[in-house]
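Coordinate analysis (summary)
Below, each chain spelled out in residue letters.
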Amino acid sequence: TYYNAFANKGLWIEPLKRNIWQRHKSATFLFNGAKLRRRLPEWNDNNKKNEYNEGTFYTDQYSALLYLTGSNYIIEEADFNSNIPLGTLLDGDENPTKTTDYAVGTCMDIGLWLEDCKNVKVKKSTFSNAVFPVFVKRCDNLNFENITLKYAAQANRVIHSKDMALGAGIKLIQTKNVNINNVTGYKNLNATVEVETLNSNITVKGKSEYDYSNSLVIISSENVKIDWSAKNIVHGTGVLIRSSAPNEIGTKNITGKTRIENTSWCGVLILLDKT
């Protein structure tokens, strides 16, 4: 077990200048089942409450177990757990709901963070108990094979009236040429896979159980192929396909098949504007 207990002197620091494990050159990580853990992510209540937390004092907002940028990475047989505990979800007014046994933390904590990466392979690995167990931004040519994503959490300190601050197992932003094959999701809050926004040429094949809001989300992305199964969505849809904000690419060329069992609302929900 490798335990990340880095501290940052109690002061707010820009996210990528914080004490987190980072790598910027090619590397192969053969974890061989080793566990990567951290102390409980913390929010400092002296901070102004906003998404990016630009206050005076340190918090774990947008910190990660491992941050990678650059090209040519391989990760095999990893077990990332960011240590957000199970608890009771909060509603938009930050009052407790009747939904329990989902991960509930304070900060937008990340497990594996890939940013501006090319040529990354992740195999036979588990990512859990973070708001975003895997977070991907501006990357190209990624392959995820045989991965488990579970307990994507709520960040209750950043809840506001339009955002319940629910995380996803893997979130893709401004990314292209991604193959996600044989992914298994369990009890992720917003979705197991969230293709949002500005992504293209994405393939997603997998399944999930007991996700909360959705199982698979596709927003403002194009050329997405899916082969997806979902069971027991607690409070929403199996697959959500949606257009998004102005000036972003339209949602188009979504193909494939879905199998949805026992959802509280829709099996597949499609919300498109004129694009």
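Before reading further, recall that the structure is shown in the block above.
Now for a quick tour of the structure. Throughout this document, residue positions are counted from 1 along each chain, in the order its sequence is written. In view of the model being predicted, local features appear only for residues whose pLDDT reaches at least 70, and side-chain atom pairs are presented and counted only at 80 or more, with totals across whole chains, interfaces and linings using the full set of residues. In computing side-chain values, all of the structure's heavy atoms are included and hydrogens and water are not.

1. Regarding the sheet that holds strand 8 (residues 96-105)
By definition, two strands form a pair when at least two bridges between them are found by DSSP. Under the DSSP-based scheme used, a helix requires at least four consecutive residues in state H or I and a strand at least two consecutive residues in state E, with every element numbered from the N terminus. Strand order in the open sheet formed by three strands is 7-8-12, with mixed pairing between adjacent strands. Strands with a single pairing partner mark the edges of an open sheet, and in this sheet they are strand 7 (86-90) and strand 12 (154-155). In terms of strand pairing, strand 8 meets strand 12 through two bridges, oriented parallel. Note that in strand 12 the partner of Gly105 across the bridge is Ala155.

2. A word on the nonpolar core
Taken as a class, soluble globular proteins show a tendency for nonpolar side chains to be buried jointly. For this analysis, a nonpolar core means a set of buried residues of the types Ala, Val, Leu, Ile, Met, Phe, Trp, Tyr and Cys, connected via side-chain atoms within 4.5 Å. Buried means the residue's accessible area, taken with a 1.4 Å probe over protein chains only, is under 20% of the maximum for its type, while exposed means over 50%, and partly exposed covers the values in between. Ranked by internal contacts, the top residues of the largest apolar core, which has 43 residues, are Leu112, Leu114 and Phe144. The leading source of residues in this core is strand 16 (residues 214-233), at seven residues. One finds Ala64, Tyr67, Ile84 and Ala165 within the second-largest nonpolar core, a separate group that totals 23 residues.

3. Brief notes about the side chain of Thr192
Within the element layout of this structure, Thr192 appears in strand 15 (residues 191-209). Definition of a polar contact: a pair of N or O atoms within 3.5 Å, with one able to donate and the other able to accept a hydrogen when the atoms are protein atoms, and with sequence-neighbouring residues admitted only if both atoms are side-chain atoms. A polar contact of 2.7 Å, which involves the side chain of Thr192, links it to the side chain of Asp211. Contact definition: two residues touch when any of their heavy atoms are within 4.5 Å. Dropping the residues within four chain positions of it, Thr192 is found in contact with Leu149, Ala168, Gly169, Ile170, Val183, Gly185, Tyr186, Ser208, Asp211, Asn214, Ser215 and Trp228.

4. A closer look at the pairing of strand 8
Strand direction decides the pairing type here: strand 7 and strand 8, joined by four bridges, are antiparallel. Bridge pairing links Thr88 to Thr100 in strand 8.

5. Describing unusual backbone geometry
The step from Glu196 to Thr197 runs through a cis peptide bond, and the omega angle for that step is 0°. Its identity is not glycine, yet Asp116 carries a phi of approximately 55°, on the positive side. Looking at the secondary structure, you find Asp116 in strand 9 (residues 110-128). In this structure, Asn253 takes a positive phi of about 55° despite not being glycine. Take Asn253: it is sitting in strand 18 (residues 252-263). Taking the relative accessible area as the measure of exposure, Asn253 reaches 47% and is therefore partly exposed.

6. What to know about the side chain of Asp60
The topology assignment puts Asp60 in the loop between strand 4 (35-38) and strand 5 (64-76). Within the structure, the side chain of Asp60 is placed 2.9 Å from the side chain of Arg39, a separation counted as a polar contact. When near neighbours in sequence (up to four residues on either side) are disregarded, Asp60 contacts Arg18, Arg38, Arg39, Leu40, Pro41, Glu42, Cys107 and Met108.

7. Description of the pattern of salt bridges
Where side chains of opposite charge bring their charged atoms close, a pairing between them can arise. A pairing counts as a salt bridge when a side-chain nitrogen of Lys or Arg comes within 4 Å of a carboxyl oxygen of Asp or Glu. For the structure on display, the rule yields 13 salt bridges. For Arg259, the salt bridge is made with Asp227, and the minimal N-O distance between the two is 2.9 Å. Note that Arg259 is positioned in strand 18 and Asp227 in strand 16, a separation of 32 residues in sequence. Taken together, the shared-partner salt bridges connect Arg38, Arg39, Asp60 and Asp109 into one network.

8. Thoughts on the pairing of strand 16
Burial of strand 16 is extensive: 17 of the 20 residues sit out of reach of the surface. Looking at chain direction, strand 16 and strand 17 (residues 237-242) are connected through five bridges and run parallel. Within strand 17, the position partnered with Val217 by the bridge is Leu240. The sheet contact formed by strand 16 and strand 18 spans 10 bridges and is parallel. Each residue of the ladder has a partner; that of Ile233, found in strand 18, is Thr263.

9. Here's the deal with the packing of aromatic side chains
In this scheme Phe, Tyr and Trp rings, the latter by its six-membered ring, pair at centre separations within 6.5 Å, and the angle between planes marks the pair as stacked below 30 degrees, edge-to-face above 60, and tilted otherwise. Counted under the stated rule, the structure contains nine aromatic pairs. Between Tyr67 and Trp113, the aromatic rings sit 5.1 Å apart at their centres with planes inclined by 85°, giving edge-to-face as the arrangement. Linking Tyr67 in strand 5 with Trp113 in strand 9, this pair joins segments that are 46 residues apart in sequence. For the pair shown, Tyr67 and Trp113 are each scored as buried. Aromatic ring contacts, followed pair by pair, group Phe29, Phe31, Phe80 and Phe127 into a single cluster.

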